[in-house]
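Single-letter residue listing:
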Amino acid sequence: MRSCVFILRISIPALVLVFIYSSCKKEYSYEASPITTDTTTIPTVIQPYICPACVGNESFQENKWSFRDNGLLRCGEIDTAISNPTRTGFTFYGPSACSKDTGIIMTILLDTLHLNRDISNITYSRSAFYYYDNVGNTYIYMNRQQSPFTVTIETYTHNDRMVTGSFSGFGYRENGSGGSIHSGKFKVKLF
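Residues numbered from 1 in each chain as written. Predicted model: local features only at pLDDT ≥ 70, side-chain atom pairs only at ≥ 80, totals over all residues. Heavy atoms only, no water.

A. Representation of the overall build of the chain in the model. Across its full length, the chain carries one helix and 11 strands. Listed N to C, the secondary structure of the chain is α-β-β-β-β-β-β-β-β-β-β-β in terms of helices and strands. Taken across its 191 residues, the chain has 33% of its residues classed as buried. Intrachain contacts of the chain at a sequence separation of at least 6 include 52% that bridge at least 24 residues. Entry remark: accessible area of the chain is about 12600 Å², with carbon and sulfur atoms responsible for 58%. (Helix = DSSP H or I, 4+ residues; strand = E, 2+ residues; numbered from the N terminus. Buried < 20%, exposed > 50% of the residue type's maximum accessible area, 1.4 Å probe, protein only. Contact = heavy atoms within 4.5 Å. Areas by Shrake-Rupley, 256 points an atom, 1.4 Å probe, with all protein chains shown as cover.)

B. Fine view of the pairing of strand E11 (residues 178-189). One ladder, built from five bridges, connects strand E1 (residues 64-69) with E11; its direction is antiparallel. Across the sheet, Arg68 pairs through a bridge with His182, a residue of E11. Taken together, the 10 bridges between strand E10 (residues 162-172) and E11 define a ladder with antiparallel strand orientation. Each residue of the ladder has a partner; that of Phe167, found in E11, is Gly184. (Pairing = 2+ DSSP bridges.)

C. Just the pattern of salt bridges, in detail. Counted by the stated rule, this structure contains two salt bridges. Put simply, Asp69 and Arg74 hold a salt bridge, and the shortest N to O gap is 3.1 Å. Considered together, Asp69 and Arg74 belong to a single accessibility category, that of buried residues. Put simply, Arg126 and Asp111 hold a salt bridge, and the shortest N to O gap is 3.3 Å. Linking Arg126 in the loop between strand E6 (119-124) and strand E7 (127-133) with Asp111 in the loop between strand E5 (102-109) and E6, this pair joins segments that are 15 residues apart in sequence. Under the relative-accessibility criterion, Asp111 is labelled partly exposed at 40%. (Salt bridge = Lys/Arg side-chain N within 4 Å of Asp/Glu carboxyl O.)

D. Up close: unusual backbone geometry. Of note in the backbone geometry, Asn63 takes a positive phi value of approximately 60° without being a glycine. In this fold, Asn63 is placed in the loop between helix H1 (2-23) and E1. Judged by relative accessible area, Asn63 falls into the partly exposed class, the value being 31%.

E. Up close: the state of the cysteines. For the coordinates displayed, the defined rule picks out two disulfides. Across a sulfur-sulfur distance of 1.6 Å, Cys51 and Cys98 are joined as a disulfide pair. Judged by the sign of its S-S torsion, about 65°, the bond between Cys51 and Cys98 is right-handed. One end of the pair, Cys51, is in the loop between H1 and E1; the other, Cys98, is in the loop between strand E4 (89-95) and E5, and 47 residues separate them in sequence. In this structure Cys51 comes out as buried when scored by relative accessible area, which is 7%. Looking at Cys98, the relative accessible area reads 37%, which means it is partly exposed. With its sulfur 2.1 Å from that of its partner, Cys54 forms a disulfide with Cys75. Around the S-S axis, the bridge from Cys54 to Cys75 shows a dihedral of about -95° and counts as left-handed. Of the two residues, Cys54 sits in the loop between H1 and E1 while Cys75 sits in strand E2 (residues 72-77), which places them 21 residues apart along the sequence. (Disulfide = S-S within 2.5 Å.)

F. Expanded view of the packing of aromatic side chains. Throughout the structure, instances matching the rule amount to 14 aromatic pairs. Look at Phe129 and Phe149: their rings are 5.0 Å apart centre to centre, the planes differ by 25°, and that puts the pair in the stacked class. With Phe129 in strand E7 and Phe149 in strand E9 (residues 149-157), this pair connects stretches of sequence that are 20 residues apart. No difference in accessibility class separates Phe129 from Phe149, as the two residues are buried. Aromatic rings pair up to connect Trp65, Phe67, Phe90, Phe92, Phe129, Tyr131, Phe149, Phe167 and Phe186 into one cluster. Its end group placed over the ring of Tyr172, Arg144 keeps NZ or CZ at 4.2 Å from the ring centre. For the cation-ring pair, Lys185 lies above Phe60, with the distance from its terminal atom to the ring centre recorded as 5.7 Å. (Phe/Tyr/Trp six-rings, centres within 6.5 Å; stacked < 30°, edge-to-face > 60°. Lys NZ or Arg CZ within 6 Å of the ring centre and 35° of its normal.)

In structure tokens, the structure reads:
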């Protein structure tokens with residue numbers, strides 16, 4: 001009788017372990033496509049993420065910026081805009097609408113023109129465009145001096161210091177590749 005109790009004590013924990021182990025087996029599911037040797041399958045194309053806040057946000061709106069890079073719309077807010085002391089240029093920057101880790105910085109130099117009167121429809125090629133990414137302490141796009149990048153001041157009203165502009169050009173990635181930056185828009189009050 002004593003040996004039966006001992007075997008029963010050992011076998012119950014053993015049965016529990018066998019039950020737990022068998023219930024933890026991976027069930028196969030369709031989480032990923034199976035490995036095949038069929039070369040006629042068409043690879044899946046990953047669609048770029050489209051920020052919902054940018055949909056329909058391509059008009060000139062105060063304290064906003066937007067642009068397209070190879071068709072993808074990007075947009076955000078302008079939280080700072082300042083002119084240089086001689087008022088022959090200005091800089092604005094602000095985060096993206098859908099990722100506070102990314103944003104834009106632009107500097108526009110007006111050559112010999114001063115921001116001391118109303119201006120309209122003047123295009124400048126002396127500008128710096130920087131679309132940054134704080135996660136990797138790097139940039140997504142940056143213009144380079146050897147490639148054209150233009151900014152058009154659509155309007156500047158000296159009375160209220162409001163500037164509305166558009167921009168386009170070529171943006172380089174950190175690895176040397178790049179893309180077309182076009183349909184850029186901004187509207188901001190300068191300080």
